[in-house]
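This is what each chain is made of:
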Amino acid sequence: MTPVRILIADDHEVVRQGVRAVLEAVLEAEPEWIVCGEASSGREAVAMAVELRPEVVVLDVSMPELNGLEATRQIRGAVPAKILILTVHESDQIATEVLDAGADGYVLKTDAGRTLIEAIRALLQNQRFFTERVRAVAVRPAGRRRGAATRGAVRLTPRQREVLQLLAEGKSNKEVGATLGVTTKTAETHRTQILAKLKLHSISELVRYAIRNRIIEP
């Protein structure tokens, strides 16, 4: 029997342990399920997904270095894994962004003990799964979701979104460059372009923008 590999990605160890415990509780019913890895940042989640090629990635939205939305986009573009978002957020905006990033399911952490297994089974059967409180958002046509979420928003490139998060987390241009594998000068250029595009004038304003738009947690 081919194993079903599950990658858990959350920056809180206690959450990863909790998810693993829920999964281990059903191993008798689903003996082919295995937790193939645990990631503590979005960037690590992408790297592990590419290396391990899991069937399912259970992914938090709020993670350091690369948030869950960006990680979802990158994983979706690299491997055919099903992506289940596990988060504390239940707002329409977050649900919309998660869906448009390409996630296959959305479960609130408060519901995980009751619905996590059901959600993974649905994804493995090529079905989508959404916790009850965001299901109304999930059934909206994609155009309507996207229009509501992006009305008045400024479009940043994927790389600019990565740089924005790293800068908002307090990394210097040199550290941003090292993290992304680019020169410090390139990181400085991205920073200048981001500030100009967002009409911001300082890193403190950039941090407030990142918190307001849930790119980082306060």
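Now for a look at the structure at hand. (Residues numbered from 1 in each chain as written. Predicted model: local features only at pLDDT ≥ 70, side-chain atom pairs only at ≥ 80, totals over all residues. Heavy atoms only, no water.)

Digging into the overall build of the chain
Part 1 of the reasoning: When its secondary structure is counted, the chain shows 11 helices and 6 strands.
Part 2 of the reasoning: For the chain, with 218 residues in total, the buried portion stands at 45%.
Part 3 of the reasoning: Summing over all exposed atoms, the chain offers an accessible surface of approximately 10700 Å²; the carbon and sulfur share of this is 52%. (Helix = DSSP H or I, 4+ residues; strand = E, 2+ residues; numbered from the N terminus. Buried < 20%, exposed > 50% of the residue type's maximum accessible area, 1.4 Å probe, protein only. Areas by Shrake-Rupley, 256 points an atom, 1.4 Å probe, with all protein chains shown as cover.)

A closer look at the packing of helix H8 (residues 158–168) against helix H10 (residues 184–198)
The description of two packed helices rests on the angle between their axes and on the distance between the axes.
Part 1 of the reasoning: Closest axis-to-axis distance for the H8/H10 pair is 10 Å, and the angle between their directions is 95°. Of the possible angle classes, the one that applies to H8 and H10 is roughly perpendicular. Residues Arg159, Gln160, Val163, Leu164 and Leu167 of H8 form the contact with H10, whose own contacting residues are His190, Arg191, Gln193, Ile194 and Lys197.
Part 2 of the reasoning: Taken together, the residues that form the contact of H8 with H10 break down as 4 nonpolar, 3 polar and 3 charged. (Axes fitted to C-alpha atoms, helices over the stretch in contact; angles between N-to-C directions. Parallel < 35°, antiparallel > 145°, perpendicular 65-115°, else oblique. Contact = heavy atoms within 4.5 Å. Nonpolar A, V, L, I, M, F, W, Y, C, P; charged D, E, K, R; others polar.)

Re the pairing of strand E1 (residues 4–9)
Part 1 of the reasoning: Here E1 lies mainly inside the structure; 5 of its 6 residues are buried.
Part 2 of the reasoning: Looking at chain direction, E1 and strand E2 (residues 33–39) are connected through 6 bridges and run parallel. Along E2, the bridge assignment pairs Ile6 with Val35.
Part 3 of the reasoning: Handedness of the crossover is the feature at issue here: the chain leaves E1, passes through helix H1 (residues 13–24), returns alongside E2, and the resulting connection is right-handed. (Pairing = 2+ DSSP bridges. Right-handed = clockwise from strand over helix to strand, strands pointing away.)

Comments concerning the pattern of salt bridges
Part 1 of the reasoning: Here the structure, examined in full by the defined rule, presents 14 salt bridges.
Part 2 of the reasoning: Here Glu70 makes a salt bridge to Arg73, at a shortest N to O gap of 2.5 Å. Taken together, the positions of Glu70 and Arg73, both in helix H3 (residues 68–78) and 3 residues apart, correspond to about one turn of that helix.
Part 3 of the reasoning: When its relative accessible area of 5% is taken as the criterion, Glu70 is described as buried.
Part 4 of the reasoning: Ionic pairing is found between Arg161 and Glu70, a salt bridge with its closest N-O pair at 2.4 Å. (Salt bridge = Lys/Arg side-chain N within 4 Å of Asp/Glu carboxyl O.)

Observations regarding the sheet that holds E1
Part 1 of the reasoning: Spatially, 6 strands are ordered E2-E1-E3-E4-E5-E6 in an open sheet, and the strand pairing comes out parallel. Both outer strands of the open sheet, E2 and strand E6 (129–130), are each paired with one neighbouring strand and no more.
Part 2 of the reasoning: Here 4 bridges tie E1 to strand E3 (residues 56–59), and the two strands are oriented parallel to one another. Bridging from a neighbouring strand, Leu7 pairs with Val57 of E3.
Part 3 of the reasoning: Strand contacts of H1: E1, E2 and strand E4 (82–87), with the helix running at about 175° to E2, the strand carrying the most contacts.

Quick word on the pairing of E4
Part 1 of the reasoning: Burial of E4 is extensive: 5 of the 6 residues sit out of reach of the surface.
Part 2 of the reasoning: The pairing of E3 with E4 spans 4 bridges and is classified as parallel. Bridging across to E4, Val57 finds its partner in Ile83.
Part 3 of the reasoning: Between the parallel elements E3 and E4, the chain passes through H3 in a crossover that is right-handed.
Part 4 of the reasoning: The handedness of the E4 to strand E5 (residues 105–108) crossover, carried by helix H4 (residues 92–101), is right-handed.

Observations concerning the layout of surface pockets
Part 1 of the reasoning: Taken as a whole, the second largest pocket encloses approximately 180 Å³ of empty space.
Part 2 of the reasoning: Every residue lining the second largest pocket is counted, 14 residues in all, and those nearest its centre are Asp11, Asp60, Ser62, Met63 and Glu217.
Part 3 of the reasoning: When the residues that make up the lining of the second largest pocket are grouped by side-chain class, the tally is 5 nonpolar, 4 polar and 5 charged. (1 Å grid on protein atoms, 1.4 Å probe; cavity = no way out; pocket = protein on both sides within 12 Å on 5 of 7 lines; lining within 4 Å. Points joined across faces, edges and corners; volume = space filled by probe spheres on them.)

What about the nonpolar core?
Part 1 of the reasoning: Ranked by internal contacts, the top residues of the largest apolar core, which has 28 residues, are Leu59, Ile75, Ile85, Val98 and Tyr106.
Part 2 of the reasoning: Counting only elements with at least two residues in this core, the list comes to E1, helix H2 (42–52), E3, H3, E4, H4 and E5.
Part 3 of the reasoning: The biggest single contributor to this core is H4, with 5 residues.
Part 4 of the reasoning: Beyond its immediate chain neighbours, meaning those up to four positions away, Val98 contacts Val61, Leu69, Ile85, Ala103 and Tyr106. (Core = buried A, V, L, I, M, F, W, Y, C linked by side-chain atoms within 4.5 Å.)

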